[in-house]
2 protein chains.
Amino acid sequence: MINKLIAKIQKTKAPIVVGLDPMMKFVPEQIRRAAFEEFGETLEGAAEAIWQYNKGIVDAIYDLVPAVKPQIAMYEQFGVPGMIAFQKTVDYCKEKDLVVIGDVKRGDIGSTSEAYAVGHLGKVQVGSKMCGGFDEDFATVNPYLGSDGVRPFLKVCKEEHKGIFVLVKTSNPSSGELQDRLVRAAKGSTAGEDAGDKPLYEIVGSQVAAWGAECMPESGDYSYVGAVVGATYPEQGRILRKIMPRTFILVPGYGVQGGKGADLVYFFNEDGLGAIINSSRGIIAAYQQEKYARFGEAGYAEAAREAVLEMKRDIACALESRG
Amino acid sequence: MINKLIAKIQKTKAPIVVGLDPMMKFVPEQIRRAAFEEFGETLEGAAEAIWQYNKGIVDAIYDLVPAVKPQIAMYEQFGVPGMIAFQKTVDYCKEKDLVVIGDVKRGDIGSTSEAYAVGHLGKVQVGSKMCGGFDEDFATVNPYLGSDGVRPFLKVCKEEHKGIFVLVKTSNPSSGELQDRLVRAAKGSTAGEDAGDKPLYEIVGSQVAAWGAECMPESGDYSYVGAVVGATYPEQGRILRKIMPRTFILVPGYGVQGGKGADLVYFFNEDGLGAIINSSRGIIAAYQQEKYARFGEAGYAEAAREAVLEMKRDIACALESRG
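Notes on the structure in this doc start here. Since we're looking at a predicted model, the values are computed, not measured.

1. Let's talk about the overall build of chain A
Along its length, chain A carries 13 helices and twelve strands. Over its C-alpha trace chain A gives a radius of gyration of 20 Å, about what one expects of a compact globule, namely 20 Å for 323 residues. Seen through its C-alpha atoms, chain A measures out along the principal axes to roughly 70 × 55 × 40 Å. The long-range fraction of contacts in chain A, counting pairs at least 24 apart against all pairs at least 6 apart in sequence, stands at 72%. Carbon and sulfur atoms provide 51% of the accessible area of chain A, an area that totals close to 11700 Å². Put simply, chain A has 37 plus and 42 minus side-chain charges, and the middle of one group is 3 Å from the middle of the other.

2. Description of the relation of the copies chain B and chain A
Between chain B and chain A, which share one sequence, the superposing operator has a rotation angle of 180° and an axial displacement of 0.0 Å; the RMSD is 0.0 Å. In the structure described here, the two chain copies are related by an operation that fits a two-fold rotation axis. In terms of C-alpha distance to the rotation axis, chain B has Val183(B) as its closest residue, with the C-alpha 2.2 Å off the axis. Same-surface contact between copies: 100% of interface residues of chain B are shared with the interface of chain A.

3. Observations regarding the interface of chain B and chain A
Contacts between the two partners involve 74 residues from chain B, matched on the other side by 74 residues from chain A. Summed over both sides, the interface of chain B with chain A buries roughly 6000 Å², with 59% coming from carbon and sulfur. When residues of chain B are sorted by the area they lose upon contact with chain A, Glu41(B), Tyr144(B) and Arg184(B) head the list and together hold 14% of the total. Between chain B and chain A we count six salt bridges in total. In this structure, the salt-bridge partner of Lys105(B) is Asp108(A), at a minimum N-O distance of 2.8 Å. No other element matches helix 6 (residues 110-121) of chain B, which puts seven residues into the side of chain B that touches chain A. Of the residues in the side of chain B that touches chain A, the class split is 33 nonpolar, 26 polar and 15 charged.

Parameters at a glance
Residues numbered from 1 in each chain as written. Chains lettered and ligands numbered in written order. Predicted model: local features only at pLDDT ≥ 70, side-chain atom pairs only at ≥ 80, totals over all residues. Heavy atoms only, no water. Helix = DSSP H or I, 4+ residues; strand = E, 2+ residues; numbered from the N terminus. Rg over C-alpha atoms; globule rule 2.2 N^0.38 Å. Contact = heavy atoms within 4.5 Å. Areas by Shrake-Rupley, 256 points an atom, 1.4 Å probe, with all protein chains shown as cover. Lys, Arg positive; Asp, Glu negative; His and termini not counted. Charge placed at Lys NZ, Arg CZ, Asp CG, Glu CD. Least-squares fit on C-alpha atoms with pLDDT ≥ 70 in both. Buried area = accessible area lost by both parts, 1.4 Å probe. Salt bridge = Lys/Arg side-chain N within 4 Å of Asp/Glu carboxyl O. Nonpolar A, V, L, I, M, F, W, Y, C, P; charged D, E, K, R; others polar.

What follows is the structure, encoded as structure tokens:
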């Protein structure tokens, strides 16, 4: 799947993933009204509204980008009907041949992580049959529980030719509270008292690189074990790029969160690959920005398309002008 | 809700939570067969089987324990039908007046964590209405993203009188890979070169205590911000108990994972409170142990009841003999 993602990035010339994180306040009035008329102001009504909204976006952008990243929390908040909308969105995007990165940030221990892995990336045994659950192409994984929590995902990825992106350095303001903590070098290291101390994200980055070395596809330069590193931390991105040379980096935080095109160059390798940049509300709610106001609510999908095209130019320009 | 949990622990004399983590291999043949006859070997069939299995367990134990902890991964693996079984299980346990701890280990940034918080503990705005999603009483939360990821849960807990348990030191063998890393004291501290260095779990524990201090119920000694610390690490439990004196500790890892009654005393305060011990397969699949084999498959629920009673005696005995 990592090779499919890379091939699609090369074909579309867009190292871009569109975050399908529908919030009710993004959904145009007419879509909300139609959904509420059919299902009432209920979880079912909300789920119908976000599904119709997503469908409009996907129809408008699927030929421009390689991948989408639905954020499951935005669906899970609407309970079971929300999860049905998530499933519909995943299925529809796969029909459109988009690579689907489930932004689920799961992670648990042993058999529990295995259950998440089969539920999101694999198949689960039911009697004599194997059944697919949500069946995304990639999932994001939280590393706090250590390799017990990650290895079940690696196993399923290997069997199913899927992939993961492990959280390393997240884009949010408080990500440093734990991730930037300076960790002492292991005892018995030959280094002096300060030498060898590293921030926690570098340790996680090294682990991701090690897992990745075990998880290379039969051909190609990149592992199917990727990393998440926020666009809002370009300096850390530069360091992590070196620590994890064969790791694909999923980069959130572009646009609304403050990351700029020029900050992104550090996340790419010299082959022009190695990173895929996410934008969510900057694209799906573009029509609410002054810049795209001319599209109006009814033109929200066309505004999203225009925002993708502009993001593509911004990134291409930044990559061309790097030294 | 923390006060309700404490009152129920005192009433049942059982600081015990039963983990409802149904795996298909635990479900008795007759329940599986009936479900597959009705729904086929499908996700719906699997979901029906685990729901009926859960119902039997809950009916057999609800008067003995204060709380249950469904592990959502075990439901999520069966896709949407699994999530329906999760919802049914939560609703049924609440009908039986059990406190429901959703073991969801969610955690994301800002508005995304807020979506998880409202989906699992609060209500979500749909048009002019507020709708409840999964609506557990407590949820487990992963702290890797920092306080941005936790604060939205605190807000919802305050509004809804709910609670969370933050992962601090998990029960699994590899939990130390990140959680035990020795973190350097902040620069500018007056401590010497080694003094003040702490393992990461202590730093997280201190954060939990600080969040907890902001989140005390109107009366009572314990915060509604709890912590998860594995029974398999009693020495760390002893330290964390001191760092977080007003924090309720959810303790997984008893029984099958290796934690023993005698290890548990360190997790309790001198008031005999402050901890609640989880057992999952040791109870729900007790009938598969030689010790309870006399109950047979058909008696799986009675075996679970017997296992709860024995666990209760083991913990009471350990608490009495400490000192």
